[in-house]
Structures are given as C-alpha cells and as structure tokens.
Amino acid sequence: MQCDTKFDFITRKHHCRRCGKCFCDKCCSKKVPLPRMCFVDPVRQCAECALISQKETEFYDKQLKVLMNGATFFVTLGTSDKSELMVCRLSNNQRYLVLDGDSHYEIEIVQISTVQILTEGFTPGEKDTHTYTSLLESQHITEGGNTRAIGMILQYKVPGSEELTQMKFTASEDFSSNKKLSASWLAAMHKATKLLYESRDQ
Ligand SMILES: [Zn+2]
Ligand SMILES: [Zn+2]
C-alpha cells in the first residue's frame with residue numbers, strides 16, 4: 001500500500017503517524033486526530049489510516065458514551081436455559097464489560113474472541129445471524145431501520161481456562177421503554193467490535 005513515488009531531494013517523504021510508512025505529500029495529506037495513540041490534535045496520516053482514525057474518533061465521541069451508560073438485557077450464560085435480567089455497560093476505563101443483576105460478571109474486552117449481533121426477525125443459528133465476518137461486509141445496523149439489533153452472542157476466554165464461554169444477550173420485549181436503548185447499545189457494540197478487529201488485524 002506504500003506510495004511508489006521516487007523520492008529525491010525535492011520530493012519529500014512524509015511518515016504516516018499511524019502505520020509509520022513513508023508516502024509522498026499527496027498520499028499522506030490528511031490530518032486526523034488519533035485518539036488511540038494520544039494524538040488529540042490532528043496529525044498527518046495516509047489515506048487508509050485516516051479512514052480508520054476518522055471512524056475511531058467518531059466512535060470515541062458518540063459510541064463510548066452509549067456503551068458506558070449501559071442497557072438492560074436478558075443474559076444467558078453458556079447452555080443454561082435460565083436467563084437473568086442484567087444491566088450491561090462498559091467500565092469507565094473501557095477495559096471490561098460489566099454486568100449487574102443478582103449476579104455480577106466482568107468480562108475483559110481483550111478476552112472476547114467473537115461477537116455476533118442478532119437482528120430482528122431471525123433466530124440464532126440461522127443464516128441471518130450476523131457473525132463478525134459478515135458485519136465487515138457492510139451489514140449496517142441502524143437504530144430504527146429494518147435491521148434493528150435485538151441481541152448479541154459473545155464468546156470469551158475466562159482467565160485460567162482454555163475453553164470459550166458463551167454469553168447471550170437478548171433485548172426484552174417486556175421492557176419496551178428500554179428496547180430502543182438496548183438497540184442503541186448493541187449498535188454501539190457493533191461498531192466497537194469492528195474497531196477492535198481492525199486494530200487486531202494491524
Ligand atoms: Zn498509514
Ligand atoms: Zn504518493
């Protein structure tokens with residue numbers, strides 16, 4: 001992806017502050033904040049990185065607030081047939097998903113291996129359950145449109161164990177006033193997952 005301009009004394013090189021690769025002025029002209037690396041003021045980035053950073057900045061501004069405020073879900077652990085009504089939110093240091101009900105769980109974000117967002121009208125396990133991979137291919141979840149998010153399946157590692165634990169989140173029909181909030185929370189989680197995977201890929 002690096003620019004193939006020949007550099008000499010006149011044509012100067014510029015480093016992208018995100019990936020560190022060299023580009024000509026034209027290919028590395030975008031200045032975007034890079035909150036992940038603590039550049040709050042806009043810094044020079046290549047086109048590819050600028051796009052990712054723009055999405056991150058938008059996320060930091062809007063979505064984190066939604067995730068940290070939390071929403072209510074019925075939570076089912078593993079293959080249990082019991083579910084528990086819990087408030088799920090992102091911790092203030094943004095490193096854990098914290099669940100509070102009669103039980104209490106803290107899931108470290110780095111231990112999460114897969115996220116599936118479930119959308120309205122389909123049951124889990126069918127082809128329309130969107131795995132992360134299909135989310136990347138532009139499956140867009142809106143907060144009021146046709147593809148309202150109604151649940152999520154997380155798989156994560158519990159420290160000290162090699163096996164994956166599964167947790168299912170379902171927005172409840174009975175708590176209609178919270179349903180919109182739950183959908184917003186899931187949409188934010190959807191965006192968070194994309195960023196998480198993009199940063200892992202680098
Ligand atoms: Zn770059
Ligand atoms: Zn160039």
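Residues numbered from 1 in each chain as written. Chains lettered and ligands numbered in written order. Predicted model: local features only at pLDDT ≥ 70, side-chain atom pairs only at ≥ 80, totals over all residues.

- With an unreviewed UniProt entry as reference, the chain is termed Zinc finger FYVE-type containing 21, source organism Meleagris gallopavo.

1. Some points on the environment of P159
Okay, so step 1: Mapped onto the elements of the fold, P159 is located in the loop between β10 (149-157) and β11 (164-170).
Okay, so step 2: On the basis of neighbour counts, which here come to 6 C-beta atoms within 10 Å, the residue P159 falls in the exposed class.
Okay, so step 3: Sequence separation of P159 and E108 is 51 residues, and the distance between their C-alpha atoms is 9.4 Å. (Helix = DSSP H or I, 4+ residues; strand = E, 2+ residues; numbered from the N terminus. Buried ≥ 20, exposed ≤ 12 C-beta atoms within 10 Å, placed from the backbone.)

2. Re the sheet that holds β11
What holds strands together in a sheet is hydrogen bonding between their backbones, with the strands either parallel or antiparallel.
Okay, so step 1: The strand order across the open sheet built from seven strands is β8-β7-β6-β5-β11-β10-β9, with neighbouring strands paired in antiparallel fashion. Because the sheet does not close on itself, it has two edges, and the strands there are β8 (104-108) and β9 (112-119). Shown here is a sheet whose adjacent strand axes are inclined to one another by a mean of 30°, direction ignored.
Okay, so step 2: Where strand β5 (residues 71-77) lies against strand β6 (residues 84-90), five bridges are found, and the strand directions are antiparallel. Following the sheet pairing, V75 is matched in β6 by E84. (Pairing = 2+ DSSP bridges. Axes fitted to C-alpha atoms, helices over the stretch in contact; angles between N-to-C directions.)

3. Some remarks on the pairing of strand β7 (residues 96-100)
Okay, so step 1: Burial along β7 is one-sided: the face carrying L97 and L99 is buried and the face carrying Y96, V98 and D100 is not.
Okay, so step 2: Of the strand pairs in this sheet, β6 and β7 are connected by four bridges, and their pairing is antiparallel. Looking at the pairing, R89 lines up with V98 of β7.
Okay, so step 3: Hairpin connection, β7 to β8: the antiparallel pair is bridged by three residues.

4. What to know about helix α1 (residues 47-69)
Okay, so step 1: In this model α1 runs 33 Å from its N-terminal to its C-terminal C-alpha over 23 residues, within 8% of the 33 Å that 1.5 Å per residue would give.
Okay, so step 2: Its maximal kink placed at Y60, α1 deviates by approximately 45°.
Okay, so step 3: Inspection of α1 places C49, A50, I52, S53, E56, Q63, V66 and L67 among the buried residues, and these make up the whole buried set.
Okay, so step 4: Once α1 finishes, G70 follows within two positions and takes phi at roughly 85°, a positive value. (Expected span 1.5 Å × (residues − 1). Bend = angle between axes of the 7 residues up to and from the residue.)

5. Topic: the environment of M167
Okay, so step 1: For M167, the location among the structural elements is in strand β11.
Okay, so step 2: As a C-alpha pair, M167 and V75 span 92 residues in sequence and 6.8 Å in three-dimensional space.
Okay, so step 3: The residues touching M167, leaving out its near neighbours within four places in the chain, are V75, L77 and L154. (Contact = placed C-beta atoms within 7 Å.)

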